[in-house]
Amino acid sequence: MNRSKIFRIITYVLGPLAVISIVRLWTDQDALTSSNTVGTALRLTVPILLAGMAGLWAERCGVLNIGIEGMMILGTWFGAWGAWQFGPWVGLLFAVLGGMLGGFIHAIATVRFNIDQIISGVVINLLAFFGVRYLSDLVFVGQPGGGVSQSPPQTSAIPRFDLPILSGGQIGGWKSPDVLAWFETRKWFILGDIGGIGRGLTSNLSWATVIAVAIVPISAWVLWRTRIGLRLRASGESPVAAESLGVMVNRLRYGGLLVSGGLAGLAGGTLSIVASSYYRQGQTAGRGFIGLATMIFGNWRPSGVLGGAMLFGYAEGIKLVASDSIAALFLFIAAVSLIFFVVAIIRRLRVRSLFALGIFILSTIAYQTVSTVPESLTQSLPYVVTLIVLATANQRLRPPAMAGVPFRPGEPH
Amino acid sequence: MQLGDTKPNQDLLTSDAVVVELTNISKVFPGVVANRDVSLKVGRATIHALVGENGAGKSTLMKILYGLHQPDSGTIAINGVARQFKSPSEAIDAGIGMVHQHFMLADNLTVLENIILGLEPTKFGVLSLSDARARVRELATSIGVALDLDVPISELGVGQRQRVEILKVLFRGAEILILDEPTAVLVPQEVDELFVNLRRLVSKGTTILFISHKLDEVLTISDRITVIRQGSTVATVSPNTVDRLKLAEMMVGSDLPKPGERTTKIGATTRLAVRGLSVLEKGRKNPVRNVSFQIAEGEIVGIAGVEGNGQFELCGALLGLLSSEGTVEVGGKDVSNLSIRERLNAGLAYIPFDRHREGLMLTAPLWENALLGHEATLSRGPMIDFTAAKKACREIISRFGVLTQNELVPAFVLSGGNQQKLVVGRNLATARTVLIAAHPTRGIDVGAQAAIWEEIRRSRDSGMSVLLVSADLEEVLGLSDKILVMFDGEITAELDPKSASPQILGKYMTGAR
Ligand SMILES: Nc1ncnc2c1ncn2[C@@H]1O[C@H](COP(=O)(O)OP(=O)(O)OP(=O)(O)O)[C@@H](O)[C@H]1O
Ligand SMILES: [Mg+2]
């Protein structure tokens, strides 16, 4: 590892950690980095992350997927049904298959029949919403606890575990020490935060979460390191060039959309099987669209999508478990934007410095008044955070060049 | 049709030296005969040039050889074996590679990814990138090309993109290389480099089919030249038996129009004044730095330079597409802070660099393309006046000799040069005070080139000021009243075209003084 890399790690990991630690100690809001908050954030991150990856797979092969929300709905329903009938693992499988059904319909419509990709996506969302309602009417109504908008509760769940040594998991019969918890309870500067965050990420973990997170590096590997991945990306960047080299663009688009649908379905499945134990109408609550936002935020890259999803998950998590800490979070944002402001001034970036200053002022005001502002405003926190990050993001966005453009093979160019 | 003193010497080729043999190829598109009974023999390890007017059918013939189009009749034989190519991949398997008139590259993928796409070296489906890199590097050095393989295509200039296209084809093991107008976008130095590379390839046994409108180039590089007119072969000649004029005559079937000398005077009033113009770009050296010049009424100022030295950004800044510092005055009015639309209304017009990216809606009919930028004049209230729009399009078609059936066909069916004529025709018509013309005759045949030059001269004589950006030195020298050389974002020299020669210009353009 060279020096600039070490320097970067320090600024991007330890820097924010130090700031949040100071804010935590100053405001006495331990919930900011408690294992409870972080654990909740992780659980909330998973469906958004999967939805974002679904969007990434679709757009990388050249098709916009507005229908992720609908495919997630299919995932929640089929997942819940499968889990109710055959147990949670089969349930997740059914969730994937349900989402793939949506992906397949999208592929037929857009690739085969060249229907506008946005329209097809919107139709899939509507179709899924009313379709599962109809299915519930057929299957769930009359069952104990079931109805048109709800499935009967599942009896078993995906197993959870603690990581040994770090978070006191079992090795054989031996209960290992809980190192991170020890640090967390000490509440020291930075070390206390590392303990809380680490423990949140490593204790009471569902295997489904592990799978979801593993999909990020796997996707990156497939898309950037394998033949099929390169061809898939080429289909999204320049289908004409790809075709002229013998790449079967439309076949790859079918494949990409099946993966996209499957991931969206899995996202739905985690909602109805892991985060809860039954299907409920409206369970997806717009997370498909938030997933698309994380895809843009993540610059169409898996690691970026992970970052965006974590941001949403954290903002939502803190709102859920520790709404008192929201004020402290605004203080954190104020501190970070102040740093941005100073950096921008030094680098003479006028627009960005003004922007950072504006955010600093707004978040300071929010910090002062947040206890009195209505609930609905604090609810919008995750979106505010995304907007801020999108606007200040340093990198140039590079979406796949031909995503959204229909492609008819064999047409002269 | 046979021309008296240029008898086809195909008989010189002994049969085992013939690599490609096309016999009686015909291809009809709805309403257009693109190829009519074309026959062609190409000798092994030679450079064989195809020349002909825009729309003569050169690209179509090559696309048939490459499997992109199927011929209606006729046969293809490669190395003496009859073949039928249903798709490019079959042609690739037979050792044929094609570099298209319009580049086919994925901008966001890296050089390496573009080159190996479709034929990736893999182990169990996993890319062997180091292996691929080594092979591409070896290939590149063997033809004397230096390229960074890990940057995205979007960061390369046209010359480099061209090299990527050639490497892409060679990587597929092509022994027969089709280059459709490879030099249209290159400046003289780059052309020379390309030719060195091509010669090296030929010495290794590669056969090259080469399309170009630049007849001097054709005469220097090729071993044999086939002239195509209106879809049929006119003759195949050897370059030392013909000269430029002769070739042009064979292509057009008549004498070339001769440009008249300038008879009008340059006006006294300044129409375009640019002072201290800089284009700012973050994280990079500013692409245009402190550029100042003036163009008087009825004057043509040429900007010569190797592509990528800031000409593109300069035009963007003049039009307001890019943000810049400094002042721009059109017709005495400061437009520095005006929007693009307001600048156009102030009398600016633009013939864009890249007809596909900036000039045309490829899938829209010609008349809609011709309407762009004229919406205000060709409408009745908020509604478009269809009849007037179509009539305006027909006028462009006849005035600029765009070869097409009618104004209703989509733009992509036009040959490259005819697309260019449509764009030039449309934008020349809007010009009132100042015309910014970027490569106005790129990809246009000699006949039509002379016609477009004539149109530009006529506009100039009627008082229009023209900023001519071109890599074609003949064009710059022939049209301009004053030449500015742009190098690395700055104007480095001001030359008088009467005393400048292509050699002198070339020196200035590469930064050597
Ligand atoms: N896909 C198509 N559909 C209909 N007509 C076409 C199509 N492709 C080409 N043509 C027509 O065939 C004729 C020959 O076109 P081609 O592209 O081969 O010309 P070219 O010799 O390459 O000209 P240029 O020098 O301008 O590139 C033109 O009249 C063109 O309009
Ligand atoms: Mg052509």
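Residues numbered from 1 in each chain as written. Chains lettered and ligands numbered in written order. Predicted model: local features only at pLDDT ≥ 70, side-chain atom pairs only at ≥ 80, totals over all residues. Heavy atoms only, no water.

Quick word on the overall build of chain A
Then, in step 1: A count of helices and strands for chain A gives 17 helices and four strands.
Then, in step 2: Over its C-alpha atoms chain A spans a radius of gyration of 23 Å, differing by no more than 12% from the 22 Å that the globule rule assigns to 413 residues.
Then, in step 3: Along the three orthogonal principal directions, the C-alpha set of chain A runs to about 60 × 60 × 45 Å.
Then, in step 4: Looking at chain A as a whole, 49% of its 413 residues qualify as buried. (Helix = DSSP H or I, 4+ residues; strand = E, 2+ residues; numbered from the N terminus. Rg over C-alpha atoms; globule rule 2.2 N^0.38 Å. Buried < 20%, exposed > 50% of the residue type's maximum accessible area, 1.4 Å probe, protein only.)

As for the site of ligand 1
Then, in step 1: The local shell around ligand 1 holds 21 residues, among which G55, S59, T60, S415 and G417 of chain B are the closest.
Then, in step 2: Of the chains in the model, those with residues near ligand 1 are chains A and B.
Then, in step 3: With respect to ligand 1, the side chain of T60 of chain B contributes an N or O atom lying 2.5 Å from an oxygen atom.
Then, in step 4: One of the backbone N or O atoms of V413 of chain B is found 2.9 Å from an oxygen atom in ligand 1.
Then, in step 5: Relative to its unbound accessible area of 630 Å², ligand 1 is 93% covered by the protein chains.
Then, in step 6: A total of three residues in the shell around ligand 1 trace back to one element, the largest contributor, which is helix 1 (residues 58–65) of chain B.
Then, in step 7: Split into classes, the residues belonging to the shell around ligand 1 amount to eight nonpolar, ten polar and three charged.
Then, in step 8: Taken together, domain 1 (1–94 + 213–252) and domain 2 (270–509) of chain B each give at least three residues to the shell around ligand 1, which thus spans both. (Near = heavy atom within 4 Å. Polar contact = N/O pair within 3.5 Å; in protein donor to acceptor, adjacent residues only side chain to side chain. Areas by Shrake-Rupley, 256 points an atom, 1.4 Å probe, with all protein chains shown as cover. Nonpolar A, V, L, I, M, F, W, Y, C, P; charged D, E, K, R; others polar. Domains from an automatic or database assignment.)

A look at the interface of chain B and chain A
Then, in step 1: Each side of the interface is counted separately: chain B has 31 residues, and chain A has 26 residues.
Then, in step 2: Buried surface at the junction of chain B and chain A, summed over both partners, amounts to about 2300 Å²; 63% is from carbon and sulfur atoms.
Then, in step 3: Considering only the side of chain B, the residues that lose the most area to chain A are M104, N108 and L117 of chain B, jointly responsible for 23% of the buried surface there.
Then, in step 4: Linking E120 of chain B and R231 of chain A is a salt bridge whose minimum nitrogen-to-oxygen distance equals 2.9 Å.
Then, in step 5: At the surface where chain B touches chain A, the tally comes to nine residue pairs in polar contact (both at pLDDT 80 or more).
Then, in step 6: Looking at the side of chain B that touches chain A, the elements with two or more residues in it are helix 2 (88–93), helix 3 (111–116) and strand 8 (126–127) of chain B.
Then, in step 7: Tallied by class, residues from the side of chain B that touches chain A come to 15 nonpolar, nine polar and seven charged. (Contact = heavy atoms within 4.5 Å. Buried area = accessible area lost by both parts, 1.4 Å probe. Salt bridge = Lys/Arg side-chain N within 4 Å of Asp/Glu carboxyl O.)

A word on the sheet that holds strand 17 (residues 333–334) of chain B
All names here are of chain B.
Then, in step 1: Taken in spatial order, the four strands of this open sheet run 14-13-16-17, and their pairing is antiparallel. The outermost strands of the open sheet, each flanked by one partner alone, are strand 14 (288–296) and strand 17.
Then, in step 2: Bridge count between strand 13 (residues 270–279) and strand 14: six bridges; the pairing is antiparallel. Looking across to strand 14, one finds that A273 is bridged to Q294.
Then, in step 3: Where helix 9 (residues 311–319) meets the sheet, it contacts strand 13, strand 14 and strand 16 (324–330), and its direction lies at approximately 115° from that of strand 13. (Pairing = 2+ DSSP bridges. Axes fitted to C-alpha atoms, helices over the stretch in contact; angles between N-to-C directions.)

Some points on unusual backbone geometry
Then, in step 1: Located in the positive-phi region is D28 of chain A, a residue other than glycine, with phi close to 65°.
Then, in step 2: Mapped onto the elements, D28 of chain A comes out in the loop between helix 1 (3–27) and helix 2 (35–60).

A word on the domain arrangement of chain A
Much of the literature gives interface size as the accessible area that the parts lose upon coming together.
Then, in step 1: One can read the domain layout of chain A as domain 1 (39–162 + 206–306) and domain 2 (322–396).
Then, in step 2: Between the C-alpha centres of domain 1 of chain A and domain 2 of chain A the distance comes to 32 Å.

Observations concerning the packing of aromatic side chains
When we look at a pair of aromatic rings, we describe it by the centre distance and by the angle of the planes.
All names here are of chain A.
Then, in step 1: Summed over the entire model, instances satisfying the criterion amount to 16 aromatic pairs over all chains.
Then, in step 2: Pairing W77 with F140 gives two aromatic rings, centres 5.1 Å apart and planes at 35°, and the pair type is tilted. Residue W77 is found in helix 3 (residues 68–86), and its partner F140 is found in the loop between helix 5 (117–139) and strand 1 (160–161); the two are separated by 63 residues along the sequence.
Then, in step 3: W77 sits in the buried class, given a relative accessible area of 3%.
Then, in step 4: Given the relative accessible area of 0%, F140 is considered buried.
Then, in step 5: Summarising the aromatic geometry, the rings of F104 and Y254 are spaced 6.2 Å apart at their centres and angled 50° between planes, so their arrangement reads as tilted. Of this pair, F104 sits in helix 4 (residues 88–112) while Y254 sits in helix 11 (residues 249–274), placing them 150 residues apart in sequence.
Then, in step 6: Take F104: its relative accessible area is 38%, and that puts it in the partly exposed class.
Then, in step 7: Accessibility expressed as a relative area gives 22% for Y254, which makes it partly exposed.
Then, in step 8: Each member of the aromatic cluster is reached from another via a ring pair, and the members are W77, F78, W84, F140 and Y279.
Then, in step 9: One residue, R112, lies across the ring of F113, its end atom 4.9 Å from the ring centre. (Phe/Tyr/Trp six-rings, centres within 6.5 Å; stacked < 30°, edge-to-face > 60°. Lys NZ or Arg CZ within 6 Å of the ring centre and 35° of its normal.)

Quick notes on the sheet that holds strand 12 (residues 232–237) of chain B
Two orientations exist for strands paired in a sheet by backbone hydrogen bonds: parallel and antiparallel.
Residues and elements named next belong to chain B.
Then, in step 1: Within the open sheet, the six strands sit side by side as 6-9-10-3-11-12. Their pairing is mixed. The two strands at the open ends of the sheet, each matched to only one other strand, are strand 6 (96–99) and strand 12. Across this sheet, the average inter-strand angle for adjacent strands is 20°, counted without regard to direction.
Then, in step 2: Sheet topology note: the strand 11 (residues 224–229)/strand 12 ladder contains five bridges and is antiparallel. Directly across from I228, in strand 12, lies its bridge partner T233.
Then, in step 3: On the sheet, helix 8 (residues 244–252) packs against strand 3 (47–52), strand 11 and strand 12 and is oriented at approximately 35° with respect to strand 11.

Some remarks on the packing of helix 3 of chain A against helix 5 of chain A
Residues and elements named next belong to chain A.
Then, in step 1: Interaxial distance between helix 3 and helix 5 falls to 7 Å at its minimum, and their mutual angle equals 20°. Regarding the angle of helix 3 to helix 5, the classification is roughly parallel. Helix 3 and helix 5 meet at a crossing whose hand is left-handed. Contacts from I68, E69, G70, M71, I73, L74, W77, F78, W81 and W84 of helix 3 reach helix 5 at I124, N125, A128, F129, V132, L135, S136 and V139.
Then, in step 2: Across the contact of helix 3 with helix 5, the residue classes tally to 14 nonpolar, three polar and one charged. (Parallel < 35°, antiparallel > 145°, perpendicular 65-115°, else oblique. Left-handed = near helix turned anticlockwise from the far one by under 90°.)

Things to note about helix 8 of chain B
All names here are of chain B.
Then, in step 1: When helix 8 is considered as a whole, its buried residues turn out to be L247, A248, M250 and M251. Looking straight down helix 8, one finds its buried side chains confined to an arc of 160°; they lie on one side.
Then, in step 2: Where the residues of helix 8 are buried, they touch strand 3, helix 7 (215–221), strand 11, strand 12 and helix 15 (446–461). (Arc of directions from axis to C-beta.)

Thoughts on the domain arrangement of chain B
All names here are of chain B.
Then, in step 1: Domain parsing of chain B yields domain 1 (1–94 + 213–252) and domain 2 (270–509).
Then, in step 2: Centre-to-centre separation of domain 1 and domain 2, based on C-alpha positions: 33 Å.
Then, in step 3: Counting residues at the interface gives twelve residues for domain 1 and twelve residues for domain 2.
Then, in step 4: For the pair domain 1 and domain 2, the summed buried area comes to about 880 Å², and 53% of that belongs to carbon and sulfur atoms.
Then, in step 5: By the criterion of area lost to domain 2, the three top residues of domain 1 are N54, G55 and H213, representing 53% of everything that side buries.

Describing the side chain of S35 of chain A
Residue and element names in this part refer to chain A.
Then, in step 1: For S35, the position within the fold is in helix 2.
Then, in step 2: Owing to a relative accessible area of 15%, S35 belongs among the buried residues under this scheme.
Then, in step 3: The contacts of S35, once residues within four sequence positions are left out, are E184, G196, R199 and G200.

What about the confidence of the model for chain B?
Residues and elements named next belong to chain B.
Then, in step 1: Within chain B, residue pLDDT values average 85, and 93% of them lie at 70 or more.
Then, in step 2: Ranking the elements of chain B by mean pLDDT puts helix 11 (residues 355–359) last with 76 and helix 3 first with 95.
Then, in step 3: Among the scores for the predicted complex, ipTM is 0.84 and pTM is 0.78. (pLDDT = per-residue confidence, 0-100.)

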